[in-house]
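Chain and residue survey
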Amino acid sequence: MLYIGPHVSISGSISFALDRARELGATGFAIFTKNQRQWKSPALKDEDIASFKAKMKSYSYSKAAILPHAGYLINLATPDEELREKSLNLFLEEARRIDELELELINIHPGAYKEGSVEDGIKRSAAMLDEVLERHPNIKVALENTAGAGTILGSSFEELEKILSNIHASDRVGFTLDTAHLFGAGYDVKADPDKVLDSFFSIFGADKLYGMHLNDSKVPLSSNKDRHDNIGLGLIGKDAFMQIVKRKEVQNIPLILETPNEELWKAEIATLLGN
Ligand SMILES: [Zn+2]
Ligand SMILES: [Zn+2]
């Protein structure tokens, strides 16, 4: 089955995310587990956790259809000791929330190495992932590919492979492919989405695709920029997305819309689901 839906707000209570997703006809969705721009947030309340789990059951959302996104403050590859400590603590806190909600996946960016060598950055990113995976044996990490500006890691399949090969618990690490980031990084998902996916699968195998972010792009191929657009309104175009959702490898994994105009989400979901 296709698990398609947007990144919904947790405003008011994390359990409201499920109502928002259901209202849109979403069969899957993404959330932040806390305010994504703050280092500290109050702990999840027991009643909110209970309500989240009850709604998962009554609305028939399985954990396989939900792809929480880690906060933007975390930099897995930072060379700065203090920032590393803060990033690790925040990532551990988010992993704890995934456990509390009885979810499994967490989507995170590979980080930016800032200075020094790419190789050292890759090692730092892999080491922090291992630290969190070791302390949270029930979570799986979906590393998101990036558009690749500056020292941001993860814009090529080769680099993602290097990160993976440095992780001990690599059996619990896979990838989220963001179509806008692919396009920005030079993978032409407009011209031939099947070819891009096939080249990913030839390196990693189908079971390493943990999820996708289905976003059109406001910026051109190989721009190394990250500007999302709604499906069909950007430079990738609707046909590519319709082709992607036909692939058997994208069945039963979360396919998330991170498109800017929420007014269009309902229609985007219906179109992609073929309704
Ligand atoms: Zn992301
Ligand atoms: Zn994304």
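Residues numbered from 1 in each chain as written. Chains lettered and ligands numbered in written order. Predicted model: local features only at pLDDT ≥ 70, side-chain atom pairs only at ≥ 80, totals over all residues. Heavy atoms only, no water.

The name recorded for the chain in an unreviewed UniProt entry is Probable endonuclease 4, from Bullifex porci. Quoted straight from UniProt, the Function (unreviewed entry) entry for the chain says "Endonuclease IV plays a role in DNA repair. It cleaves phosphodiester bonds at apurinic or apyrimidinic (AP) sites, generating a 3'-hydroxyl group and a 5'-terminal sugar phosphate." Per UniProt, the chain has the following entry under Catalytic activity (unreviewed entry): "Endonucleolytic cleavage to 5'-phosphooligonucleotide end-products." (UniProt positions renumbered as here; feature names shortened; annotations may be inferred.)

1. Quick notes on the pattern of salt bridges
This model, assessed by the stated rule, comprises 11 salt bridges. Across the pair Arg96 and Glu100 runs a salt bridge, and its minimum N-O distance is 3.3 Å. Of this pair, Arg96 and Glu100 both sit in helix 3 (residues 81-100), four residues apart, roughly one helical turn. Take Arg96: its relative accessible area is 37%, and that puts it in the partly exposed class. For Glu100, a relative accessible area of 25% gives the class partly exposed. With a shortest N-O distance of 2.9 Å, Asp194 and Arg247 are connected by a salt bridge. Within this pair, whereas Asp194 is found in helix 7 (residues 193-204), its partner Arg247 is found in the loop between helix 8 (238-244) and strand 8 (254-257), the two being separated by 53 residues in sequence. Given a relative accessible area of 22%, Asp194 falls into the partly exposed group. (Salt bridge = Lys/Arg side-chain N within 4 Å of Asp/Glu carboxyl O. Helix = DSSP H or I, 4+ residues; strand = E, 2+ residues; numbered from the N terminus. Buried < 20%, exposed > 50% of the residue type's maximum accessible area, 1.4 Å probe, protein only.)

2. Looking at the coordination of the zinc ion (ligand 1)
The zinc ion (ligand 1) binds to the protein through His69 (NE2), His109 (NE2) and Glu144 (OE); the donor distances cover 2.1 Å. Within one chain, the residues serving as donors to the zinc ion (ligand 1) are arranged as H-x39-H-x34-E. Distance-wise, the zinc ion (ligand 2) is placed 3.5 Å from the zinc ion (ligand 1), both being coordinated by Glu144. Within this pair, whereas His69 is found in the loop between helix 2 (46-58) and helix 3, its partner His109 is found in the loop between strand 2 (105-108) and helix 4 (118-135), the two being separated by 40 residues in sequence. Note on His69: relative accessible area 3%, which makes it buried. Classification of His109 by relative accessible area gives partly exposed; the value is 25%. (Donors = N, O, S within 2.8 Å, 3.2 Å for Na, K, Ca; no water.)

3. Examining the layout of surface pockets
Taken as a whole, the largest pocket spans an internal volume of roughly 390 Å³. Lining the largest pocket are 22 residues, with His109, Gly111, Ala112, Thr146 and Ile152 sitting closest to its centre. Its residues placed into classes, the lining of the largest pocket shows 10 nonpolar, nine polar and three charged. (1 Å grid on protein atoms, 1.4 Å probe; cavity = no way out; pocket = protein on both sides within 12 Å on 5 of 7 lines; lining within 4 Å. Points joined across faces, edges and corners; volume = space filled by probe spheres on them. Nonpolar A, V, L, I, M, F, W, Y, C, P; charged D, E, K, R; others polar.)

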